[in-house]
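# Descriptive analysis of the structure
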Amino acid sequence: MNNETLKNNPLICDIETGMCETTDSTSESTSGNKVSSDKKSIRIIYYTDPICSSCWGIEPQLRKLKLEYGDAVEIDYRMGGLLPDWNYNSGGISSPADVASHWDEVSIHYDMPIDGDLWLEDPMDSSYPSSIAFKAAQLQDNQKAISFMREMREMMFLKKKNMAKWENLAIAAKKVGLNSEQLKTDFEGKAKGLFQEDLKLGQELGVRGFPTMFFVDDAGNQETVYGTRPYAFYEMAILKLNPNATKSEYSKNWETLFSIYPTLTAKEFSELSGTPRSESENQLNELVEKGKLKKYTTKNGSIWTIK
């Protein structure tokens with residue numbers, strides 16, 4: 001893949017920075033923008049995209065952050081519009097197939113299962129449908145919307161499902177308990193406007209790629225973490241804004257973890273349980289043998305589900 005393709009394709013994420021960059025990136029800093037926090041002591045404005053592979057790579061850290069600092073932070077999911085369509089760049093990309101091998105590389109780098117063959121078998125023409133569907137899900141139930149995002153990503157990254165197709169979005173919605181008829185109504189109506197509001201705010205905040213997290217306290221003070229970083233970066237951002245933020249203790253028992261997060265990868269289980277990564281997969285496989293978990297395997301890793 002040539003350098004021009006790497007430069008212009010937002011789906012080719014920079015492994016060094018952990019960032020999938022948008023095509024109109026102009027801002028290097030958001031320190032000049034003030035946004036307000038509400039409810040909990042720190043608000044995290046999380047700019048993401050359903051098809052962003054680096055955002056899939058951040059799931060272990062994000063899930064741990066919710067367990068340890070969920071009482072102190074509120075996460076506001078915002079959609080960034082990673083891939084409008086395949087006409088956004090006339091010269092840098094030959095076809096969606098350019099992304100397939102990259103996703104396989106990213107899977108190894110983040111130690112999270114991703115099957116890039118989606119881009120060879122049933123490539124998506126845009127990330128807008130899944131983004132708008134998420135905004136529609138938020139209108140019903142914010143927690144279910146987050147579960148919906150997770151289900152969309154598992155279907156896409158592991159099962160190679162095209163999440164620009166309504167039939168697949170409907171399957172994901174039903175799986176997490178959303179009203180699919182209401183979702184379709186909102187998907188075709190008010191959710192489009194909410195998505196445009198997310199894009200507008202992203203421009204105002206200087207979002208240049210995903211994942212981007214803005215940590216904001218009640219006074220409007222802000223810390224920003226760009227890209228997929230080790231857990232300590234996110235924890236440090238919280239403690240800079242609120243040194244008194246209390247870290248919650250949580251049970252690292254496998255049953256407890258799977259009761260909170262019904263699906264876990266080996267990397268996620270390692271991050272959440274404190275089990276060395278070299279041992280986490282063996283532990284999960286032993287639980288499969290005992291009939292406690294189910295395992296779904298792709299060419300680039302597996303995911304485990306509680307029975």
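Everything below is about the structure shown above.
Residues numbered from 1 in each chain as written. Predicted model: local features only at pLDDT ≥ 70, side-chain atom pairs only at ≥ 80, totals over all residues. Heavy atoms only, no water.

## A few points about the pattern of salt bridges
In this structure the tally under the stated criterion is 23 salt bridges. The shortest N-O distance in the salt bridge between Glu59 and Arg150 comes to 2.9 Å. With a gap of 91 residues between them, Glu59 in helix H3 (residues 59-69) and Arg150 in helix H7 (residues 142-158) connect regions that are remote in the sequence. Of the two residues examined, Glu59 and Arg150, each falls in the buried class. A salt bridge links Asp115 to Lys299; its shortest N-O distance comes to 3.8 Å. Taken together, the residues span a long stretch of sequence, with Asp115 in the loop between helix H4 (97-110) and helix H5 (118-121) and Lys299 in the loop between strand S8 (293-298) and strand S9 (301-306) at a distance of 184 residues. (Salt bridge = Lys/Arg side-chain N within 4 Å of Asp/Glu carboxyl O. Helix = DSSP H or I, 4+ residues; strand = E, 2+ residues; numbered from the N terminus. Buried < 20%, exposed > 50% of the residue type's maximum accessible area, 1.4 Å probe, protein only.)

## Re helix H14 (residues 277-289)
When the terminal C-alpha atoms of H14 are compared, their 19 Å separation across 13 residues agrees well with the 18 Å that a helix rising 1.5 Å per residue should span. Those residues of H14 lying buried are Ser280, Leu284, Asn285 and Leu287. The buried residues of H14 all sit within an arc of 155 degrees when viewed along its axis, so they share a single face. Turned more than 90 degrees off the buried face of H14, the exposed positions are Ser278 and Glu289. Gly291, located one to two residues past H14, shows a positive phi value of around 80 degrees. (Expected span 1.5 Å × (residues − 1). Arc of directions from axis to C-beta.)

## Side note on the pairing of strand S2 (residues 42-48)
Extensive coverage of S2 is indicated by the burial of seven of its seven residues. Side-chain alternation along S2 places Ile42, Ile44, Tyr46 and Thr48 on one buried face and Arg43, Ile45 and Tyr47 on a second face that is also buried. With seven bridges connecting them, S2 and strand S3 (residues 73-79) associate as parallel partners. In the sheet register, Ile45 faces S3, and the bridge partner there is Asp76. (Pairing = 2+ DSSP bridges.)

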